[in-house]
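Below are the chains, spelled out letter by letter.
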Amino acid sequence: MTERRTRLGDGVGQAIRRHGEETYPHECCGALVGSDDRVTAAVPLPNTTEEGPRRRFLVRPTDYMLAEKQASELGGTLLGFYHSHPDHPARPSQFDLDHAWPNFAYVIVSVASGVSRDMTVWWLEENRSRFEEGKLNGDQDSDSDTTASLHG
Amino acid sequence: MATRILIPTPLRPYTDKKDAVEAEGATVGELLADLTRKHSGLKAHLYNEHGKLRSFVNVYLNDEDIRYLQKEQTPVSATDTISIIPSVAGGSSHSWIHRFHN
């Protein structure tokens, strides 16, 4: 399988980490805007879940539309979404898998005791059976050449 | 009767990168069935294994969520616009039982 890659532009990785730390112990979420494999902006969005924000996030349709609009205004496209896993590893859960959209990059940052740790990026496989991990570049703390996969 | 359907970014690879396509049908359900016949890659991402729209797939008739109309039986006309709008959800725990709109 072709390895997929996401490059975070200047300040994007830090912005995602900061968001995850600010909302801790709740999950943060936001949109990734850019072009091709390069993310030029992380757009924070409200976590509107009613099922416990420590373990869930939800981007409503209205906020999704706002993200599409902002991406266009920033001269880019919507490349995917990010969210945090408070006190959990930066690996997608079964719930993430069940609710994933294809062709989007899913960046996950682990936040342990309020401090951001690992950051990873994942894509849904076409048959929806699992996520494939990609290469994340541009985040000082998580540049990696390794790939792995998570079976759903 | 062809009705315009707006396609969100993650599904455009299945519609030749088009952000809007046309499909035919008298109801939302018929339109979506025609849409997935014409663009077969969409089906697995719109419908679950039981043939129901996935909980995080929102379908709007103009500005109204079809869940608050007649769901997939909602009548459509050529002057209407259908929008497929994602909810994006996830989280760290494995044990939660989701309660979306279904």
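Note that this is a predicted model, so its numbers are computed, not measured. Sequence order sets the numbering: in each chain, residues are counted from 1 along the sequence as written. By the order in which they are written, chains take letters starting at A while ligands take numbers starting at 1. Reporting in this predicted model follows two pLDDT cut-offs: at least 70 for local features of residues, and 80 or more for side-chain atom pairs to be given and counted; totals over whole chains, interfaces and linings ignore these cut-offs and use all residues. Excluding hydrogens and water, the side-chain figures rest on all heavy atoms present in the structure.

**Q** What is the right way to read helix α1 (residues 28-38) of chain B from this model?
**A** Counting along an α-helix, one turn takes 3.6 residues, and residues three or four places apart therefore face a common direction. Each residue's exposure class comes from its accessible area (1.4 Å probe, protein chains only) as a fraction of the maximum for that residue type: buried when under 20%, exposed when over 50%, partly exposed otherwise. Note on conventions: DSSP H or I runs of at least 4 residues are helices, E runs of at least 2 residues are strands, and numbering of each starts at the N terminus. Of all the positions in α1 of chain B, only V28, G29, L31, L32, D34, L35 and T36 of chain B are classed as buried. Residues are treated as being in contact if the distance between any of their heavy atoms lies within 4.5 Å. Of the surrounding elements, those touching the buried residues of α1 of chain B are β1 (2-6), β2 (20-24), α2 (43-46), β3 (57-61) and β5 (81-86) of chain B.

**Q** For this particular structure, what's the right way to read the pattern of salt bridges?
**A** Between side chains of opposite charge, a pair can form as their charged atoms come close. Residue and element names in this part refer to chain A. We define a salt bridge as a contact between a side-chain nitrogen of Lys or Arg and a carboxyl oxygen of Asp or Glu at a distance within 4 Å. This model, assessed by the stated rule, comprises ten salt bridges over all chains. Note that R130 and E132 form a salt bridge whose closest N and O atoms lie 3.3 Å from each other. Here R130 and E132 have matching classes, each one buried.

**Q** What exactly am I supposed to notice about the pairing of strand β3 (residues 38-45) of chain A here?
**A** Every regular strand shows the same layout, with side chains that alternate between the two sheet faces. All names here are of chain A. Two strands pair when backbone bridges link them, and strand β1 (residues 5-8) and β3 are joined in this way by two bridges, in the parallel orientation. Following the sheet pairing, L8 is matched in β3 by V39. DSSP bridges decide pairing: two strands pair if at least two such bridges lie between them. Across seven bridges, strand β2 (residues 29-35) lies against β3 in antiparallel orientation. Residue A31 lies in a different strand from β3, and its bridge partner there is V43.

**Q** It is not clear to me how the confidence of the model for chain A should be interpreted in this structure. Could you clarify?
**A** Low pLDDT marks regions whose predicted coordinates should not be analysed in detail. Residues and elements named next belong to chain A. The predictor reports its confidence for every residue as pLDDT, a score running from 0 up to 100. Considering every residue of chain A, the mean pLDDT works out to 91; 91% of them sit at 70 or more. By mean pLDDT, strand β10 (residues 149-151) is the weakest element of chain A at 38, and helix α1 (residues 12-23) is the strongest at 98. Low pLDDT, under 50, characterises residues 144-152; the stretch is placed with 28 contacts to residues that sit more than four places away or in other chains.

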